[in-house]
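# Breakdown of the fold
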Amino acid sequence: ARYSNNISIKPIITGVTLKNIYPTLIRKNEQVTAEILSDKARTMNIVVMDEAGRSLQYLVTNLTTGSNTIKFVPKVDNLKGMLFVKFESTNFQQTKSLILQ
């Protein structure tokens, strides 16, 4: 029997994974990028909140199967300090913090 030397490995994605969000230290009007993996097409809600948990911005984006790059500029007016970005979808919720200079 002959065997191939080529091995193909594809990662198995289950559900949603927030792979990365950057930069985490931002200035007003600076774009933030989130890298998200999804096992199927789905809707993702993104909520930008201040330190007190008040919603400052609400975004809805459609994810495709596989790797997704979401770019947005947090609408923060004259705030400084901590911001929180909550990502929500079916059976998924994760919150990341950003520092606003």
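Presented here is an overview of the structure given in this document.

Reading guide: rules and limits
- Sequence order as written defines the numbering, with residues in each chain counted from 1.
- Predicted model: local features are reported for residues with pLDDT of at least 70 only, side-chain atom pairs are reported and counted for 80 or more only, and whole-chain, interface and lining totals are derived from all residues.
- Water and hydrogen atoms play no part in the side-chain values, which are based on all heavy atoms of the structure.
- Starting at the N terminus, helices and strands are each numbered in turn, a helix being any DSSP run of H or I of at least four residues and a strand any DSSP run of E of at least two.
- Contacts are assigned to residue pairs that have any heavy atoms within 4.5 Å of one another.
- A pair of strands is labelled paired if DSSP reports no fewer than 2 bridges between them.
- For this document, the term salt bridge refers to a Lys or Arg side-chain nitrogen within 4 Å of an Asp or Glu carboxyl oxygen.
- Exposure is judged per residue with a 1.4 Å probe applied to protein chains only, and the accessible area is read against the type maximum: over 50% gives exposed, under 20% gives buried, and values in between give partly exposed.

## Overview of the environment of Thr33
Here Thr33 lies in strand β3 (residues 32–38). Here Thr33 is in contact with Asn20, Ile21, Tyr22, Thr69, Ile70 and Lys71, once residues within four sequence places are set aside.

## Observations regarding the sheet that holds strand β2 (residues 25–26)
With respect to topology, five strands assemble into an open sheet ordered β2-β8-β7-β4-β5, the strand pairing being mixed. One side of each edge strand has no neighbouring strand; the edge strands of this open sheet are β2 and β5 (55–63). With five bridges connecting them, strand β4 (residues 42–49) and strand β7 (residues 81–89) associate as antiparallel partners. Counted as the bridge partner of Ile46 is Phe87 from β7.

## A look at the pairing of strand β8 (residues 92–100)
With two bridges connecting them, β2 and β8 associate as parallel partners. Its bridge partner lying in β8, Ile26 is registered against Leu100. In this sheet, β8 lies alongside β7 in antiparallel orientation, the contact comprising nine bridges. In the strand pairing of β8, Leu83 is matched with Leu98.

## Re the pattern of salt bridges
Within the structure shown, the criterion is met by three salt bridges. The residue Arg54 makes a salt bridge to Asp50 at a minimum N-O spacing of 2.8 Å. We classify Arg54 as exposed; its relative accessible area is 55%. Asp50 gets classed as buried once you look at its relative accessible area, which sits at 7%. Between Lys86 and Glu88 there is a salt bridge whose closest N-O contact spans 3.6 Å. The exposure class assigned to Glu88 is partly exposed, which follows from its relative accessible area of 21%.

Worth remembering: the numbers are spatial, not functional.
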